[in-house]
Amino acid sequence: MRDSATTPADDGFVPLRVRQVVRETADAVSLVFDQPAAPEFRYLSGQFITLSVWIGGTEHRRCYSMSSAPALDEHLQITVKRDRDGVVSNWLNTSVSVGDELHAAPPQGRFVMSSHARELVAFAGGSGITPVYSLVRSALETTDRNARLLYANRNRDSVIFAQNLTELQERHAGRFAVHHHIDDQDGILTTAQVESFAPVSSDAEFYICGPGPFMDTVEKALLSAGVSAERLHLERFTVGQSASQSDGTVTEAVTIELNRRTVTLPYRAGNTLLQTARLGGLKAPSSCETGSCGTCMAQVVEGSARMLNNDALDEDEVAEGWVVTCQALPTSRTVTVVYE
Ligand SMILES: Cc1cc2nc3c(=O)[nH]c(=O)nc-3n(C[C@H](O)[C@H](O)[C@H](O)COP(=O)(O)OP(=O)(O)OC[C@H]3O[C@@H](n4cnc5c(N)ncnc54)[C@H](O)[C@@H]3O)c2cc1C
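Residues numbered from 1 in each chain as written. Predicted model: local features only at pLDDT ≥ 70, side-chain atom pairs only at ≥ 80, totals over all residues. Heavy atoms only, no water.

## Things to note about the domain arrangement of the protein
Domains assigned within the protein are domain 1 (14–108), domain 2 (119–236) and domain 3 (253–339). Computed over C-alpha atoms only, the centres of domain 1 and domain 3 are separated by 28 Å. The junction of domain 1 with domain 3 conceals about 270 Å² of combined surface from both sides, 52% of it contributed by carbon and sulfur atoms. Together, Phe48, Cys63 and Gln108 form the three largest contributors to the area buried by domain 1 at its contact with domain 3, with a combined 91%. Between domain 1 and domain 3 we count three residue pairs in polar contact (both at pLDDT 80 or more) in total. Of the residues that constitute the side of domain 1 that touches domain 3, the class distribution is two nonpolar, two polar and no charged. (Domains from an automatic or database assignment. Buried area = accessible area lost by both parts, 1.4 Å probe. Polar contact = N/O pair within 3.5 Å; in protein donor to acceptor, adjacent residues only side chain to side chain. Nonpolar A, V, L, I, M, F, W, Y, C, P; charged D, E, K, R; others polar.)

Here's what the structure looks like:
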């Protein structure tokens, strides 16, 4: 299989040259790119880029978090774990060589370090280690913060950055502790294990990234143990697709205002506002499509919508009618949405 390098005509994608391919585990690979000179490619630990790759003549766009840390690594790196039967992750694991060019849209995302000098307590599962590894390294090497990491994997062989994490722990003894949770020997992570790893009384900030059920367990355990939502930072790589409206309301039309153009579109049940905009031929902004990054946010100025997932907007924004359109389903007969 050999494709890609077709340049998307727009959307700010630029070619990134692969300078190194590092096999991390049997099913994960790191790709190191020549750091682009463009200032838009400066990034913060925890952010991601969107890749556009062509496979079998079709364009696919996927997000990948930087596993490199901006203040510590000269070049931008992502780490991709194979998804069973996944199109892009398998292609990136098998078909990319040094010297290839992949097209990327600039870094974005809100899963970044806050300005508080609090301890960083991180929970990562599987490929969710990528942004967390960057955050932890940045915290330890560029601030006075302490850090703790619980890293869950199905088995020992799938632990990414195992050696690097051990070295980090040795170098920052007393400031950093990593606990590997291995499902094969420890079972699936439980609420009690989350609580014992992260005592609630601690004045810490919590970062969670991993498979949906893992994130749900950690989030629920921390919230029910009294951690306030403002101290939780979540990055979802996927969200479960669900459900149409629950109260029987039938949405007939969605009006969308974007780039000084207003279009009214018929609504197809089950579609998000973003999908509706696309079906109407609008180039609505989007990126992660999991409700994490906020790129697709727009304001509902008439009617109503509910979000399947929202890790990007705070309560005030939601109260003002802002939604992440990739996760928003209309809940009124008509809805009017205005993009920034
Ligand atoms: C903000 C963000 C950051 C991310 N960072 C990383 C990262 O650092 N590292 C990383 O590895 N990943 C990361 N991801 C996930 C990544 O973007 C991709 O989602 C992942 O690589 C899978 O893509 P894929 O093309 O291989 O799989 P896809 O082809 O999209 O398939 C995904 C899964 O769905 C299943 N599937 C597909 N179609 C169907 C169907 N019709 N019916 C049933 N099942 C189906 C596939 O079998 C597969 O298991 C991130 C995602 C986001 C949103």
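Moving on from the model shown.
## Side note on the sheet that holds strand β5 (residues 76–81)
Taken in spatial order, the six strands line up as β4-β3-β6-β1-β2-β5 in an open sheet, and their pairing is antiparallel. Of all strands in the sheet, those with a lone pairing partner are β4 (58–65) and β5, marking the two edges. Strand-to-strand twist of the sheet, defined as the mean angle between neighbouring strand axes without regard to direction, takes the value 40 degrees. Summarising the sheet, strand β2 (residues 28–33) and β5 pair through six bridges and their orientation is antiparallel. (Pairing = 2+ DSSP bridges. Helix = DSSP H or I, 4+ residues; strand = E, 2+ residues; numbered from the N terminus. Axes fitted to C-alpha atoms, helices over the stretch in contact; angles between N-to-C directions.)

## Observations concerning the nonpolar core
Judged by nonpolar contacts, the single largest core of 26 residues is most densely connected at Ile256 and Tyr339. Here Ile256 is in contact with Arg261, Thr262, Val263, Leu265, Leu273, Thr276, Ala277, Leu282, Val337 and Tyr339, once residues within four sequence places are set aside. Formed by 25 residues, the second largest nonpolar core is a distinct cluster that contains Val132, Leu140, Val159 and Ile182. (Core = buried A, V, L, I, M, F, W, Y, C linked by side-chain atoms within 4.5 Å. Buried < 20%, exposed > 50% of the residue type's maximum accessible area, 1.4 Å probe, protein only. Contact = heavy atoms within 4.5 Å.)

## Looking at the site of the ligand
Close contacts around the ligand come from 22 residues, with Arg62, Cys63, Tyr64, Ser89 and Thr130 the closest. Between the ligand and the protein, one listed contact pairs an oxygen atom with a side-chain N or O atom of Tyr64 at 2.7 Å. Between the ligand and Asp83, the relevant distance is 3.3 Å, taken from an oxygen atom to a side-chain nitrogen or oxygen of the residue. Protein chains shield 67% of the accessible area of the ligand, which is 970 Å² for the free molecule. (Near = heavy atom within 4 Å. Areas by Shrake-Rupley, 256 points an atom, 1.4 Å probe, with all protein chains shown as cover.)

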